[in-house]
Amino acid sequence: MKITVVGTGYVGLVTGAIFSIQGHEVICVDLDEAKIEGLKRGQLPIYEPGLDEIVEMGVNQGSLYFTTDLASAASESELVFLAVGTPQSESGAANLDYLIAAAESVADAIPKGAIVVIKSTVPVGTNARIAKVIEERCGRKVDVANNPEFLKEGTALDDCLNPDRIVLGVRNKRVGDILQKLYAPLVTSAKRPCPMLVMDPESAEMTKYTANCMLAMKISFINEIANLCERLGADVEFVREGICSDRRIGREFLKPGAGYGGSCFPKDVRALMSQATAVGFEAKMLHAVDEVNELQKQVIPRKVLEHFDGDVKGKRITIWGLAFKPGTDDIREAPALTLIAQLLAAGAEIHVHDPEAMANVRKVFGDSIAYHEEKYESLHDSQALVVMTDWKEYVGVDPSVLRWHMRDAIVFDGRNCLYRDWFELSSLTYYSIGQAPVHYNQNWLTLSDNNSISQEQPTVVAPLRIEESGSPKLLPCV
Ligand code: NAD
């Protein structure tokens, strides 16, 4: 089929590239000329694992093109996917300006029989609104469908190639049949069974918001439990294991941390809150999800300030992880940004490392913070390390190596991704989420190999490989 995809962000570019390698002729359109010029030269505007290869494949087989000329692309297409941003407006509602502008441009050029498919996340009722915009502009009936996207940044390709479901919001059988035919090869080749759920557009629009709000709710729920655990003397990681092994609850999205961010959960929760308000309904749970998350973003800044008795002026603090989650360079609403802003305002000297997101953070903080390409180099002379994203290169990092590089031995783990047990055996102080802090205690004694008791040196810790050697036995000094 001839397909136009409008918007070459995380959703549009991934969608377009996948359709192109499935034998469709795809034109990806964006009004950002720099993005399109870069794409024509093979430079991707975003980091998404594996996307470069699939884009290259589509381009090389002559089925994937890039342009800023929406009218000419749409005029030749049977399907026009709208995948432009729907960011939060000042009121909290979704801003549909980009979508409406794109729909107007499409209306001027769309051939008879072509279908417009909204892939952007849009409030309930947007399908009808966009259909009206297009029909008033082109003076005839145009079919508009909804096909919400459920990909996750960082695993977008796998999510699109092996989706859990495909949701098709349509008003008639013709549109439903065409879209089911489009997705049939993908559903057949997917690793898991993937239902195609055909419904009315309003229910499709609501399905997408409901999914994101549910996931955000799980995160806020476990974060609230984590905060309670700290106060009641329980360890949230044990509690999490205890509940997640219940099949009714499951494991996903129940990891305590520094709060959720990104371009979707925060804005989608608020957009649904706003839709509820517009119809005179108070969505109490959605308000709580958002409020708990905003408070959660303050937990790590508060722990850092409390540790230093409120005075971080001139203190050198290193932050590992800036992206809102691993596998992406996206920093929209990332909790690390809140932390950096607060520590800078309090006079701290900030050094950062992130495998992918530093260029985006530089656009926000410029030269007011120091950027390091090498994670250990960023620790030199540091008085504290804060881990804000659980990139795999940080997970389970050896405390003795941290100690070696840092001036002071303080670690804040905003993702509970370092091994707490290892810190119990180290000469560092370790703060995490929903657990008691581990304070370095110089009076711990270790049982050495020949079982003689020796006092551990305050700053020297043998690298611990617990999975190989098992935990050394420890005895408190009496
Ligand atoms: P994005 O901001 O990364 O990209 C949007 C692109 O659209 C930009 O490149 C912008 O220049 C372009 N654009 C805006 N107006 C245009 C116009 N009139 N013509 C052509 N191009 C135009 O956005 P995204 O993250 O890909 O999200 C797109 C939509 O998909 C949003 O509604 C979002 O909520 C939803 N969504 C996002 C994700 C995700 O993980 N990012 C997942 C599922 C759904």
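In what follows, the structure referred to is the one given above.
Residues numbered from 1 in each chain as written. Predicted model: local features only at pLDDT ≥ 70, side-chain atom pairs only at ≥ 80, totals over all residues. Heavy atoms only, no water.

S.K.: Summarise the site of the ligand; cite the residues concerned and give the values.
M.R.: Among the 25 residues in the neighbourhood of the ligand, the closest are listed as D30, K35, T86, E153 and K267. Side-chain polar atom of K35 to an oxygen atom of the ligand: 2.5 Å apart, as the coordinates give it. Residue E153 places a side-chain N or O atom 2.8 Å away from a nitrogen atom belonging to the ligand. Taken together, the elements giving at least two residues each to the shell around the ligand come down to α1 (10–21) and α5 (97–107). (Near = heavy atom within 4 Å. Polar contact = N/O pair within 3.5 Å; in protein donor to acceptor, adjacent residues only side chain to side chain. Helix = DSSP H or I, 4+ residues; strand = E, 2+ residues; numbered from the N terminus.)

S.K.: So what about helix α13 (residues 299–307)? Which residues, and what values?
M.R.: Those residues of α13 that sit buried are V299, I300, P301, K303 and V304. Directly after α13, the chain includes D309, whose backbone phi takes a positive value near 50°. (Buried < 20%, exposed > 50% of the residue type's maximum accessible area, 1.4 Å probe, protein only.)

S.K.: Any details on empty space enclosed by the protein? Residues and values, ideally.
M.R.: Counted according to the given criterion, the structure contains one cavity of 30 Å³ or more. Along the walls of the largest cavity sit S120, T121, V122, N146, P148, A204, E205 and K208, which together make up its complete lining. The element contributing the most residues to the lining of the largest cavity is helix α9 (residues 201–232), with three residues. Looking at side-chain class alone, the lining of the largest cavity contains three nonpolar, three polar and two charged residues. (1 Å grid on protein atoms, 1.4 Å probe; cavity = no way out; pocket = protein on both sides within 12 Å on 5 of 7 lines; lining within 4 Å. Points joined across faces, edges and corners; volume = space filled by probe spheres on them. Nonpolar A, V, L, I, M, F, W, Y, C, P; charged D, E, K, R; others polar.)

S.K.: Can you tell me about the sheet that holds strand β11 (residues 370–371), naming the residues and giving the values?
M.R.: Pairing within the open sheet is parallel, and its six strands lie in the order β11-β10-β9-β12-β13-β14. Of all strands in the sheet, those bounded by a partner on one side alone are β11 and β14 (429–431). Sheet analysis places strand β13 (residues 410–413) next to β14, joined by three bridges and oriented parallel. Directly across from I410, in β14, lies its bridge partner T429. (Pairing = 2+ DSSP bridges.)

S.K.: So, the packing of α1 against helix α3 (residues 51–60): which residues are in play, and what are the values?
M.R.: Interhelical geometry of α1 versus α3 gives an angle of 45° and a closest axis separation of 9 Å. By the angle class used here, α1 and α3 are oblique. Judged by the twist between their axes, the crossing of α1 over α3 is left-handed. For the pair formed by α1 and α3, the contact residues are L13, V14, A17, I18, S20 and I21 on the first element and L51, I54, V55, M57 and G58 on the second. Split by residue class, the contact of α1 with α3 holds nine nonpolar, two polar and no charged. (Axes fitted to C-alpha atoms, helices over the stretch in contact; angles between N-to-C directions. Parallel < 35°, antiparallel > 145°, perpendicular 65-115°, else oblique. Left-handed = near helix turned anticlockwise from the far one by under 90°. Contact = heavy atoms within 4.5 Å.)

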